[in-house]
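Given next are the chains, with one letter for each unit.
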Amino acid sequence: GENVEQHPSTLSVQEGDSAVIKCTYSDSASNYFPWYKQELGKRPQLIIDIRSNVGEKKDQRIAVTLNKTAKHFSLHITETQPEDSAVYFCAANRSFQKLVFGTGTRLLVSP
Amino acid sequence: GAVVSQHPSWVICKSGTSVKIECRSLDFQATTMFWYRQFPKQSLMLMATSNEGSKATYEQGVEKDKFLINHASLTLSTLTVTSAHPEDSSFYICSATGQMNTEAFFGQGTRLTVV
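What comes next is a walk through the structure. Since the model is a prediction, treat every value here as computed from it, not as a measurement.

Calculation criteria
- Residues numbered from 1 in each chain as written.
- Chains lettered and ligands numbered in written order.
- Predicted model: local features only at pLDDT ≥ 70, side-chain atom pairs only at ≥ 80, totals over all residues.
- Heavy atoms only, no water.
- Helix = DSSP H or I, 4+ residues; strand = E, 2+ residues; numbered from the N terminus.
- Rg over C-alpha atoms; globule rule 2.2 N^0.38 Å.
- Buried < 20%, exposed > 50% of the residue type's maximum accessible area, 1.4 Å probe, protein only.
- Contact = heavy atoms within 4.5 Å.
- Areas by Shrake-Rupley, 256 points an atom, 1.4 Å probe, with all protein chains shown as cover.
- Lys, Arg positive; Asp, Glu negative; His and termini not counted.
- Charge placed at Lys NZ, Arg CZ, Asp CG, Glu CD.
- Phe/Tyr/Trp six-rings, centres within 6.5 Å; stacked < 30°, edge-to-face > 60°.
- Lys NZ or Arg CZ within 6 Å of the ring centre and 35° of its normal.
- Patch = residues over 30% accessible without salt bridge, like charges linked within 9 Å, V, L, I, M, F, W, Y side chains within 5 Å.
- Salt bridge = Lys/Arg side-chain N within 4 Å of Asp/Glu carboxyl O.
- Pairing = 2+ DSSP bridges.
- Axes fitted to C-alpha atoms, helices over the stretch in contact; angles between N-to-C directions.

Of the regular secondary structure elements, chain B holds 0 helices and 11 strands. Secondary structure elements of chain B, listed N to C terminal, follow the sequence β-β-β-β-β-β-β-β-β-β-β. By the compact-globule yardstick of 13 Å for 115 residues, chain B fits well, its C-alpha radius of gyration being 13 Å. Overall, chain B is about 40 × 25 × 20 Å in size when its C-alpha atoms are taken along their principal axes. A buried classification covers 50% of the 115 residues belonging to chain B. Looking at chain B alone, contacts between residues at least 24 apart form 55% of all its contacts between residues at least 6 apart. Total accessible area on chain B is roughly 5700 Å²; 52% of this is exposed by carbon and sulfur atoms. Distance from the positive charge centre (9 side chains) to the negative charge centre (9 side chains) of chain B: 7 Å.

Taken as a whole and judged by the stated rule, the model has 12 aromatic pairs over all chains. Between Tyr 25 of chain A and Phe 33 of chain A the ring centres are 4.7 Å apart and the planes differ by 45 degrees, which places this aromatic pair in the tilted class. Among the residues examined, Tyr 25 of chain A registers a relative accessible area of 5% and is labelled buried. One aromatic cluster in this structure is built from Tyr 36, Phe 89 and Phe 101 of chain A together with Tyr 36 and Phe 106 of chain B. Over the face of the ring belonging to Phe 67 of chain B we find Lys 66 of chain B, whose NZ or CZ atom lies 5.9 Å from the ring centre.

On to a nonpolar patch on the surface. Where nonpolar side chains cluster on the molecular surface, the patch consists of Trp 10, Ile 12 and Val 115 of chain B and spans about 380 Å² of accessible area. Accessibility expressed as a relative area gives 60% for Trp 10 of chain B, which makes it exposed.

This part is about the sheet that holds strand 1 (residues 4-7) of chain A. Residues and elements named next belong to chain A. The sheet built from 5 strands is open, its strands ordered 1-3-8-7-6 with antiparallel pairing. Two strands in the sheet have a free side with no partner beyond their single neighbour: strand 1 and strand 6 (56-59). Looking at each pair of strands side by side, their axes are set apart by 15 degrees on average, direction ignored. For strand 7 (residues 62-67) and strand 8 (residues 72-77), the ladder comprises 6 bridges, and the chain directions are antiparallel.

What follows is the structure in structure tokens.
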């Protein structure tokens, strides 16, 4: 089955800086790679996703890149704001349904 | 996006009792629902997959007799934690998807505390 590793586990940045979170996956058949933001005690919220036929996707300050050969994908947040502080999870699998999650990255953006 | 509602949001129960958690899709027909468990400061771990009208498929290491899942309709799945113990205390989250969806939608989660 799929196995997803994520790092760093914690990331502290100053407001306005960029933040990068990286994930690797094991199953070369995986073709769906979402990123979720989870605030304490709340549900995960999909912030961006990418499918294997695309190498990069951007939505305002958030971008995701995918390297299928190396089996890794990354989340990039530019111009970080305090409200970006949360735990971010990557996930992977062959469909958007049965997701395997990474271990999470706690992002702290200091004003 | 579609709305998935979980109930209750939190529950405290005594050891040995059973607790039922509901997951409802409010504005779409959920052909498949997923149940996850999340311990503090850890990731979401898939427990089981349920398809409407059929038996749930449990992940390795998850006791199907302890975590009873019922998906009797296209809008409701339930997870019953039977004979709960303190180690079952966790955040339980469901997600749901339907035939017309391109993503899975999460419920708000249920925090279970067993005392």
